[in-house]
Amino acid sequence: MCDTCGCNEKEGVKRIYRIQERITKSNEEIAEKNRAYFLKNGITAVNIISAPGSGKTTLLEKTIEALGDRIKIAVFEGDIETTLDAERIKNKGAFAIQLTTGGACHLDAQLVHKAIHEIEKMEEPPKLLFIENVGNLVCPASFDLGETLRAVMVSVAEGDDKPLKYPKAFKTSQVFIISKTDLLPHFDFSIEKAKEYALSLNPELKVFALSAKTGEGFDEWIAFLEELTSS
Ligand SMILES: Nc1nc2c(ncn2[C@@H]2O[C@H](COP(=O)(O)OP(=O)(O)OP(=O)(O)O)[C@@H](O)[C@H]2O)c(=O)[nH]1
Ligand SMILES: [Mg+2]
């Protein structure tokens with residue numbers, strides 16, 4: 001019992017853990033359904049996680065420009081509010097659905113499941129599905145969406161220490177994208193250090209350093225996506 005206000009702190013903490021367990025379990029069950037759907041329909045689903053403004057939508061715009069005429073691409077756009085990002089994607093000619101969380105700082109498997117019902121209406125399912133998560137390096141890391149692959153992105157303007165400060169996003173991803181490399185002359189960001197920190201958490205990470213503005217490093221990213229969707 002707390003001396004200050006009389007609350008039962010231990011019981012409160014236990015209750016929070018029980019609620020968290022229930023949320024996680026129900027998310028995992030739906031994520032497995034999403035994963036099974038992607039597998040059955042030959043869809044490679046890439047969940048992109050980063051802080052706000054790291055360049056997720058810009059990366060997707062450029063990726064659609066480079067690949068859209070060869071590979072059918074769809075995008076689920078996660079945001080707290082607005083349909084701005086989905087409109088940007090549609091302007092590039094790809095199928096896009098905006099998922100607004102109405103305040104939640106991450107997408108969850110249920111929201112993605114609802115959007116799957118929309119892609120079921122497409123004449124031909126996409127081969128490559130990008131899921132742009134809500135801009136946030138913390139909460140999205142804890143929610144499996146049933147994706148095939150998770151990519152975490154950090155821009156040069158954010159600092160090379162981010163892998164160490166937000167480890168879960170790096171431990172649960174298979175790809176690490178360092179974006180906005182055209183800004184390297186203006187920031188004290190070391191690509192080597194960022195890579196070293198990320199790989200110390202997860203040695204399996206595949207690392208890309210690229211600029212959507214200049215196109216530097218983009219060929220490797222596109223080749224990777226082609227390989228990923230070729231089987
Ligand atoms: N210099 C430079 N700027 C970039 C690059 N990529 C994106 N930007 C800029 O960064 C800003 C944010 O880009 P977005 O693509 O909207 O970022 P986001 O991660 O989708 O943002 P949220 O969806 O709000 O989390 C925009 O002003 C882009 O023009 C890049 O490679 N170099
Ligand atoms: Mg965006």
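Figured I'd write up the structure that's included with this text. (Residues numbered from 1 in each chain as written. Chains lettered and ligands numbered in written order. Predicted model: local features only at pLDDT ≥ 70, side-chain atom pairs only at ≥ 80, totals over all residues. Heavy atoms only, no water.)

Some remarks on the site of ligand 1
For clarity, the threshold we go by: Near residues are defined by distance, with any heavy atom within 4 Å of the molecule or strand qualifying the residue. Two N or O atoms count as a polar contact when they lie within 3.5 Å, although within protein this holds only if one can serve as hydrogen donor and the other as acceptor, and sequence-adjacent residues are included solely when both atoms are side-chain atoms. To be clear on the numbers: accessible area is Shrake-Rupley with a 1.4 Å probe, and residue cover counts the displayed protein chains and nothing else. Only protein atoms enter the 1 Å grid, on which a cavity is a set of points fitting a 1.4 Å probe that cannot get out and a pocket is an open set with protein on both sides within 12 Å along at least 5 of 7 lines, lining residues being those with an atom within 4 Å of a point. Throughout, a molecule is located in a cavity or pocket provided that more than half of its atoms lie within 2 Å of its grid points. Counting from the N terminus, the helices are the DSSP runs of H or I reaching at least four residues and the strands are the DSSP runs of E reaching at least two. Residues are grouped as follows: nonpolar covers Ala, Val, Leu, Ile, Met, Phe, Trp, Tyr, Cys and Pro; charged covers Asp, Glu, Lys and Arg; every other residue, Gly included, is treated as polar.
Taken together, 17 residues surround ligand 1, and among them Lys 56, Thr 57, Thr 58, Lys 180 and Asp 182 come closest. Measuring from an oxygen atom of ligand 1, one finds a side-chain N or O atom of Arg 88 at 2.9 Å. Between ligand 1 and Asp 182 there is a distance of 2.8 Å, counted from a nitrogen atom to a side-chain nitrogen or oxygen. The protein chains hide 71% of the 650 Å² of surface that ligand 1 would expose on its own. Of the pockets mapped on this structure, ligand 1 occupies the largest pocket. Of all the secondary structure elements, the ones that give two or more residues to the shell around ligand 1 are helix H2 (56-67) and helix H3 (84-91). Element by element, the count of residues in the shell around ligand 1 is highest for H2, at 3 residues. Of the residues that constitute the shell around ligand 1, the class distribution is 3 nonpolar, 7 polar and 7 charged.

Focus: the sheet that holds strand S4 (residues 128-132)
The following threshold applies: DSSP calls a pair of strands paired once it identifies at least 2 bridges connecting them. Each axis is a line fitted through C-alpha atoms, taken for helices only over the stretch in contact, and angles between the N-to-C directions span 0 to 180 degrees. Contact definition: two residues touch when any of their heavy atoms are within 4.5 Å.
The 7 strands lie next to each other as S3-S2-S4-S1-S5-S6-S7, forming an open sheet whose pairing is parallel. At either end of the open sheet lies a strand with only one pairing partner, and these are strand S3 (95-100) and strand S7 (206-209). Averaged over all adjacent pairs, the angle separating strand axes in this sheet is 20 degrees, with direction ignored. Across the face of the sheet, H2 comes into contact with strand S1 (44-50), strand S2 (73-79), S4, strand S5 (149-155) and strand S6 (175-179) while running at roughly 170 degrees to S2. Each of S2, S3 and S4 is contacted by H3, which is oriented at about 175 degrees to S3, the strand it contacts most.

Details of helix H4 (residues 109-119)
What counts, and what does not: The buried label goes to any residue with under 20% of its type's maximum accessible area, the exposed label to any with over 50%, and the partly exposed label to all in between, with areas taken from a 1.4 Å probe on protein chains only.
Among the residues of H4, those classed as buried are Ala 109, Leu 111, Val 112, His 113, Ala 115, Ile 116 and Ile 119. Lining the buried residues of H4 we find helix H1 (9-40), S2, S3 and S4. Residue Asp 108 occupies the N-cap position of H4, its side-chain oxygen lying 3.1 Å from the main-chain nitrogen of Gln 110.

Some remarks on the pairing of S5
Here S5 lies mainly inside the structure; 7 of its 7 residues are buried. Alternating positions in S5 separate into two faces, Leu 149, Ala 151, Met 153 and Ser 155 on one and Arg 150, Val 152 and Val 154 on the other, with burial throughout. In this sheet, S5 lies alongside S1 in parallel orientation, the contact comprising 5 bridges. Paired with Asn 47 across the bridge in S5 is Arg 150. Bridge count between S5 and S6: 5 bridges; the pairing is parallel. Paired with Ala 151 across the two strands is Val 175, which belongs to S6.

Quick look at the coordination of the magnesium ion (ligand 2)
For the record, the criterion: Only N, O and S atoms count as donors, using a 2.8 Å cut-off from the metal and 3.2 Å for Na, K and Ca, and because water is excluded some sites may appear unfinished.
For the magnesium ion (ligand 2), the full set of protein donor atoms is Thr 57 (OG1), Asp 85 (OD) and Glu 132 (OE), and the range of their distances to it is 2.1 to 2.2 Å. In primary-sequence terms, the residues that donate to the magnesium ion (ligand 2) follow T-x27-D-x46-E. Of this pair, Asp 85 sits in helix H3 while Glu 132 sits in strand S4, placing them 47 residues apart in sequence. The pair Asp 85 / Glu 132 is uniform in exposure class, with both members buried.

The quantities given are spatial measurements derived from coordinates; they are silent on function.
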